[in-house]
Amino acid sequence: MVLLGVVDLLADATYEGARSITGPFLASLGAGAAATGFVAGLGEFAGYALRAVSGYLGDRTGRFWAITISGYVLNLAAVPLLALAGSWQVASALMVAERSGRAIRGPARDAMLSHAGSRMGRGWAFGLHEALDQLGAVAGPLAVAAVLYLAGGYRTGFAILAVPAALSLATLALSRRLYPDPGRLETRREGREEGEGLQRAFWLYMAFVVPGVGGFASFQLVSYHLETTGLLPGAGIPLAFAAAMGVDALVALLSGRLFDRLGLAVLVSVPLLTLPVAPLAFSGSAAAALGGVLLWGAVMGVQETIMRAAVGGMAPAAVRGTAYGLFNAVYGLCWFAGSSVMGVLYEIGPGYAAAFSVVLELASVGPLALLLREVRR
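None of the values given here were measured: they were computed from a predicted structure.

Attention now moves to the overall build of the protein. Per the secondary structure count, the protein includes 17 helices and zero strands. Split into buried and exposed, the 377 residues of the protein put 53% on the buried side. Considering only residue pairs separated by 6 or more positions, the protein has 86% of its internal contacts joining residues 24 or more positions apart. Here the protein displays about 15600 Å² of accessible surface, and carbon together with sulfur accounts for 69% of that area.

The next subject is the nonpolar core. In this structure, Tyr-205, Leu-267, Phe-282, Trp-296 and Met-307 are the most contacted members of the largest nonpolar core, which totals 96 residues. Looking at this core, the element that brings in the most residues is helix H14 (residues 286-314), giving 14 residues.

Tracing the chain through its elements places Leu-221 in helix H10 (residues 219-229). Taking the relative accessible area as the measure of exposure, Leu-221 reaches 12% and is therefore buried. Distance from Leu-221 to Tyr-346, taken between C-alpha atoms, is 8.7 Å for residues 125 residues apart in sequence. For Leu-221, the contacting residues outside a window of four places in its chain are Phe-282, Met-342, Gly-343 and Tyr-346.

Here we come to the pattern of salt bridges. A complete count under the given rule lists four salt bridges for this structure. With a closest N to O distance of 3.5 Å, Asp-8 and Arg-105 form a salt bridge. Here the residue Asp-8 occupies a position in helix H1 (residues 2-19), and Arg-105 occupies one in helix H5 (residues 88-120), the gap between them amounting to 97 residues. Overall, Asp-8 belongs to the buried group, its relative accessible area being 0%. The class for Arg-105 is buried, based on a relative accessible area of 2%. The salt bridge partner of Arg-99 is Glu-98, with a shortest N-O separation of 2.8 Å. For the pair Arg-99 and Glu-98, a shared accessibility class is recorded, and that class is buried.

Let us now look at helix H17 (residues 365-376). In this model H17 runs 17 Å from its N-terminal to its C-terminal C-alpha over twelve residues, within 8% of the 16 Å that 1.5 Å per residue would give. Listed as buried for H17 are Pro-367, Leu-368, Leu-371, Leu-372 and Glu-374. All buried residues of H17 lie within an arc of 160 degrees about the axis, which places them on one face of the element. Of the exposed residues in H17, those oriented more than 90 degrees away from the buried face are Arg-373 and Arg-376. Residues of H17 that are buried sit in contact with helix H9 (200-214), helix H12 (269-274), H14 and helix H16 (350-363).

Calculation rules
- Every chain's residues receive numbers from 1 upward, in the order its sequence appears when written.
- Per-residue local features are limited, in this predicted model, to residues with pLDDT of at least 70; the limit for side-chain atom pairs, both in listing and counting, is 80 or more; totals at the level of whole chains, interfaces and linings are taken over all residues.
- As a convention, hydrogens and water are excluded, and side-chain values are obtained from all of the structure's heavy atoms.
- Runs of E in the DSSP output that reach at least two residues are strands. Runs of H or I that reach at least four are helices, and both are numbered from the N terminus.
- Any residue under 20% of the maximum accessible area for its type is buried, any over 50% is exposed, and the rest in between are partly exposed; the area is computed with a 1.4 Å probe on protein chains only.
- Should any heavy atoms of two residues lie within 4.5 Å, those residues are counted as being in contact.
- We get accessible surface area from the Shrake-Rupley algorithm with a probe of 1.4 Å; when it comes to residues, only the shown protein chains can shield them.
- The criterion is simple. A nonpolar core is a set of buried Ala, Val, Leu, Ile, Met, Phe, Trp, Tyr and Cys residues joined through side-chain atoms within 4.5 Å.
- For this document, the term salt bridge refers to a Lys or Arg side-chain nitrogen within 4 Å of an Asp or Glu carboxyl oxygen.
- Multiplying 1.5 Å by the helix residue count minus one yields the expected span of that helix.
- An arc is given here, and it is the one of the directions from the helix axis to the C-beta atoms.

Structure representation (structure tokens):
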């Protein structure tokens, strides 16, 4: 489990470092704003829609390592190749390939993490994994910024990311060698029998995820508000984001421990923490908006930890890859759809976007209550 955490620390440093400069890089190659926005949207769509397919294939074939490794290779190889892209069309194809690779490896990796986490507690396993992720997410962009400051070129920035990419793949190969069958790490059989499919509790969980994630504002829209209203100076926005990622890492560890002790009841913290995010972040006060950003980071820590860990406890091992694929696909598509609607409402007025978020978070409480009741039964 720790080895996979190190793999993703290095992987996040690679692709988050790249994502910090892909926009201006496309512009330098002649891409317009419409093309840049389309590529970004297509990449995110591929990054979530493919997860349902890869999770299903993992369950049908049992080749979780093969799927995970192929996804990481595609995800990480595309980044340094951007240094060689001669046109924005080629660069765009590599960016979509990077997102697609991340989608392919996600459900299979999460399924293996859930097996390994059964020994130490799934909450702690996913919490530690998320904390290591965020270390890489901070380190990568900082490294690229340093390279740009010293060398002054985007291509050099992409090229230097070949180092963490290679280290990540080497660590992944070591993990495969040491633990060829992660399923054997499972300490007990949970829930239904292996041959049965996803049960009522899982579908109630999905009903909770849809409005809960749909009402969670994206940082892109939050940062747009901070910039256009002048609440934070330009340099203050990435610093605020870095602070949010630090909060994310700390909350991930804490919420993971609580999940192992209290179980699914900890999911109540998701709507409670998310409810004030949009009203604070879209306010006219710099202090309130900064508080909203930090709370946004806390919600990310909870979502990436206990919401992923919960799937492992509700899905039998025989269909766990499928469960993680469905969860990730629904999560991404709902966040994309909710953020899009909030963006339209924001054009009318920030208050409308905040109200939309609050309504959806309140709507998630009903399915959550039914889920907790089902689990108690």
